[in-house]
Amino acid sequence: MKLYQRIFIFLIFTLSISLIRAQDASFSVQGVVQDHTKRGLNGVNIFVENTKIKVQTDQNGNFRMNHKKGEATLVFSLGGYKKLRRKVNFGSEESPVSIQLTEDQGAVEEVIVHGKGKVKALQDGAFTVNAIDVAKLANTTADLNQVLNRTTGIKVRQQGGVGSDYNFSINGMSGKAVKFFIDGVPLEMLGKGVDLSTLPVNMADRVEIYKGVVPIHLSTDAMGGAVNIITPGSSKSYLDAGISVGSFNTQRINLNGQFKDDKTGLIMRVNSFYNHSDNDYLMKDMKIWNPARNQYEPRNVKRFNDRYQSVFGMAEIGLENKSWADSFFVGMSQSFFDKQIQTGSNQEVVYGGVKQTGEANNYFMKYKKANLFNGHLDVNVYAGFSKSVQKATDTLMRKYSWDGTFEPSATSEKGGRSIIMQHEDRLYSQVGATYRIVENHKLIFNYVIDYLKNTTFNKLEEEKDDVFPAKMTKQILSMAYQQDFFNKHWTNVFFAKYYHVGLQKMVFDPVTRTDSPEKEDFNNWGYGFATTVKITRGLGIKGSFERSYRLVEPQEIFGDGVAVTSNMNLKPETSNNVNVGLYYNHHWGQHAFRVEAAGYIRDTKDFIYTVPNLYNSTFKYENLSNILTRGLEGELSYQYKRFLNVLMNVSYNKAYDNTKFANNNEDVVSATYKKDVPNQPWLFGNVNVSIGKDDWFQKESRVELYYGLQMTEWFYKNWKSYGNPGNIPFIPRQTLHNIGISYSMKNGRYNVAFDVNNLTDALAYDNFKLQKQGRAFYVKFRYLFK
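Residues numbered from 1 in each chain as written. Predicted model: local features only at pLDDT ≥ 70, side-chain atom pairs only at ≥ 80, totals over all residues. Heavy atoms only, no water.

**Quick word on a nonpolar patch on the surface**
What counts here: Each patch is built from salt-bridge-free residues with over 30% relative accessible area, joining like charges within 9 Å and nonpolar side chains (Val, Leu, Ile, Met, Phe, Trp, Tyr) within 5 Å. Accessible areas in this description were obtained via Shrake-Rupley with a 1.4 Å probe; residue shielding takes into account the shown protein chains only. Basic side-chain nitrogens of Lys or Arg form a salt bridge, by our definition, when they fall within 4 Å of a carboxyl oxygen of Asp or Glu. A run of H or I in DSSP counts as a helix once it spans at least four residues, and a run of E counts as a strand once it spans at least two, with each numbered from the N terminus.
Taken together, the side chains of F643, I691, L705, I741, F754 and F777 define a hydrophobic patch exposed on the protein surface, amounting to about 520 Å² of accessible area. Relative to the elements of secondary structure, F643 occurs in the loop between β34 (619-640) and β35 (644-657).

**A closer look at the side chain of T532**
Which entries qualify depends on this criterion: For the exposure calls, accessible area comes from a 1.4 Å probe over protein chains only, and a residue counts as buried if that area is under 20% of its type's maximum, exposed if over 50%, partly exposed in between.
Tracing the backbone shows T532 in strand β30 (residues 514-534). Taking relative accessible area as the criterion, T532 reaches 4% and is therefore assigned buried.

**Structural notes on the packing of aromatic side chains**
Put simply, the test is: Each aromatic pair joins two rings of Phe, Tyr and Trp (for Trp, the six-membered one) with centres within 6.5 Å, and gets the label stacked for planes under 30 degrees apart, edge-to-face for over 60, and tilted for any other angle.
As enumerated under the stated definition, the model contains 24 aromatic pairs in all. With 5.8 Å between their ring centres and 70 degrees between their planes, F697 and Y743 make a pair best called edge-to-face. Of this pair, F697 sits in the loop between β36 (683-694) and β37 (702-712) while Y743 sits in strand β40 (residues 734-745), and the two are 46 residues apart along the sequence. Classification of F697 as exposed rests on a relative accessible area of 57%. Judged by its relative accessible area of 18%, Y743 falls in the buried class. Taken together, a centroid distance of 6.0 Å and an interplanar angle of 85 degrees make the contact between W714 and F730 edge-to-face. Of the two residues, W714 sits in the loop between β37 and β38 (715-716) while F730 sits in strand β39 (residues 730-731), which places them 16 residues apart along the sequence. Judged by relative accessible area, which is 39%, F730 ranks as partly exposed. By way of ring pairs, the aromatic residues F304, Y400 and F406 are connected into one cluster.

**A short note on the sheet that holds strand β8 (residues 129-132)**
Our working definition: What makes two strands pair is DSSP finding at least two bridges between them.
Spatially, β8-β13-β14-β11-β12 is the arrangement adopted by the five strands of the open sheet, whose pairing is mixed. Only two strands of the sheet have a single neighbouring strand rather than two, namely β8 and β12 (185-186). Note that β8 and strand β13 (residues 206-211) share four bridges and pair antiparallel. Paired with N130 across the two strands is I209, which belongs to β13.

**Looking at the confidence of the model for the protein**
A low pLDDT score tells you not to read the predicted coordinates there in detail. Put simply, the rule is: pLDDT runs from 0 to 100 and stands for how confident the predictor is about each residue. When checking whether two residues touch, look at their non-hydrogen atoms; a contact exists if any pair is within 4.5 Å.
When pLDDT is averaged along the protein, the result is 84; 88% of the residues meet or exceed 70. Residue range residues 7-25 is modelled with pLDDT below 50. Its contacts to residues more than four positions away, or to other chains, number 20 contacts. Here residues 106-116 is modelled with pLDDT under 50, and outside its nearest four sequence neighbours on either side it reaches 24 contacts, counting other chains as well.

**Notes on the nonpolar core**
Considering soluble globular proteins, one finds that nonpolar side chains tend to be buried as a cluster. What counts is decided by this rule: Working definition of a nonpolar core: buried Ala, Val, Leu, Ile, Met, Phe, Trp, Tyr and Cys residues. They are joined through side-chain atoms within 4.5 Å.
Ranked by internal contacts, the top residues of the largest apolar core, which has 34 residues, are L144, F168 and V227. Those elements that place two or more of their residues in this core are α4 (144-148), β9 (154-158), β10 (166-170), β11 (178-182), β13, β14 (225-230) and β20 (308-320). V33, F63, M65 and A72 belong to the second largest nonpolar core, which has 19 residues in total.

**Observations concerning a negative patch on the surface**
For clarity, the cut-off: In summary, the charge assignment counts Lys and Arg as positive and Asp and Glu as negative, without counting His or the chain termini. Taken as the charge location is NZ of Lys, CZ of Arg, CG of Asp or CD of Glu.
Residues E461, E462, E463, D465 and D466 make up a contiguous surface patch of negative charge. Mapped onto the fold, E463 is located in the loop between β27 (441-458) and β28 (470-485).

**A short note on the sheet that holds strand β5 (residues 70-77)**
Definition in use: The axes used here are C-alpha line fits, helices contributing only the stretch in contact, and every angle between their N-to-C directions lies in the interval 0 to 180 degrees.
Here we have four strands laid out as an open sheet, ordered β3-β2-β5-β6, and antiparallel in their pairing. At either margin of the open sheet sits one strand with a lone partner, and together these are β3 (54-56) and β6 (84-90). Within the sheet, the average angular offset between the axes of one strand and its neighbour, ignoring direction, is 30 degrees. Judged from the seven bridges that link them, β5 and β6 form a sheet pairing that is antiparallel. The residue of β6 that forms the bridge with G70 is F90.

**Things to note about the pairing of strand β21 (residues 327-340)**
In this sheet, β21 lies alongside β20 in antiparallel orientation, the contact comprising 13 bridges. Residue pairing in the sheet places Q309 in a bridge with D338 of β21. Taking the residues that link successive antiparallel strands as the turn, the β20-β21 hairpin has six residues, and the phi of N321 there is positive, at about 55 degrees. As paired strands, β21 and strand β22 (residues 355-371) are joined by 14 bridges and run antiparallel to one another. Across the sheet, V330 pairs through a bridge with M365, a residue of β22.

Below is the structure:
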């Protein structure tokens, strides 16, 4: 065991023993505080009457407090709810205390401004996180990608319209360095047809975006951060249905619902959606051959091979609030997608017949139980199996132009006639546990095993049984120790992660001139800490550090048969991540103000990045020796009652190649040394303003107007060192304006929204300088019953 590992373990052990000994011989009471829907309330203040002893409930409404033995009165208080008193007996309570608070209708408007919900609790926590209350945006026509692209430090760049591949960046780290989850489970388990660009906002209650350091309950090898989509956790019956139609023959339909049988406690949930778009938006000033003039001429033409459609359905059945389980569900999901491919990383190369289809099935079990072993232990278990098949077709012997015309060719459109089949079987299991040693001190454990078998072959040349499958097994063991001091005004989290990946792959043997199977293993320890100090009620500072590893992903090694080519020699990334930040909240009357600022450093070895192939418009993942990323970000928000919301943010991110000598050659300095990493925005920001009015046209109604501004400064497309300095391709500055209006009736039961994206029809670019769609109109109808 290395020295730093011994020091880290010794530190945790010493702190745990000393703090346990420091506790006095007090007795405890534990319980849960809920609203009328049996949903846990976060941030409830709990006092022992006539003392200074105070605690707050956690995100699930649970609490635990110590006091001397005997009877005492607890006072429960939360803005927007009536204060409640309850007598308890410290040391003799046989079961957890269950408290239900009643809304104080006279304070509803005040709680909108001042209430400390789960979103604010996360923002004030030790980790650097953006928490977005997506439920407030459920009436918009935007998808989750568009919603997250408005937030601080986030840049989403799609290669086309609905369903196209995209690059999601958090503080400059992108690609597979960022992991995506839905309720703590990898989003990939649901299939390729399910991602942030296709998920409807109605499926999410909130979204948590962790930057750099990721809490261990996600137990991932994410190095740039993670996105966790939290679905509605209501325990009552509801129905949420919506349909959106708009430009480019776009249709989005979603149906989500839950039914609860009050007699048996049985709960049935359904989540489903359908997406379709022709994506036939206008490409401006494309080079089209004019045979009459024998030259290329700029013309505006429509995309003609970019249709996308996907279908997803998930059903769950289970029980809640039983003696043996707080939550137990089993379920399954199925997804399909059909995707035409118009172009790849180079829009000068056009496809007319390349397409990809796929389907995935997922079966899973979820189990949660809190307050085991006399209220000390919480357990969370997930197990799932998914099976997917993807088919990429490239059989036309043609060369297309942007106007849809083509010429016969000696090769297929991507250079090799093929029907690539990719079969993937995946088994994912996660076990998490939280053990509360004493009040304000707890240990957290998480173990993940992720097994994947990938069989990829060209159906025109071979069959599945003739191919040796590649296999990858990831195991991540995470441990953390959390301590809270001074009534949670100072919180520390120390953690360690053990990474192991085993890979079986086929490698070309130059001696035998054949492929032969080879095994490769990687294992190492990561570690770090996170801390936050609340200086005053509204002012706090936070910081975190992590020595982390990012294991290679199946798509990076095996490719996807369409846009990504394989690279069997790819190595894991290593990074030291540092984050510091502060926040300040202030309330006066009906006004609320919040400002956040943060800085970060990412020192990454074997940085994995995308390298485009200009000849066939594909790309592959490769390693760079060392990349140093530094950045600053800030956000300011203001709210007045339910009338006005203003949110402004700006992000500065600078990443450059810190490899002085490439290829172990110490005689020649690398041409890209100290040069900015290309194809990455370095300055961008957003302004979002919404104005709303209740009961304007009729009672129980609300109208809301929205305006959004997105600005991205120019950045280089290629390395600055290569080519003529005066002729280096770059992506110009972009400024986009979006507007929208929504109208709700019957307290949100009936809703209609109308949005205009890119109001000025500005020429906008995205990943690899691919043109984005111009001005687009969308309308959405939504019905909500609860």
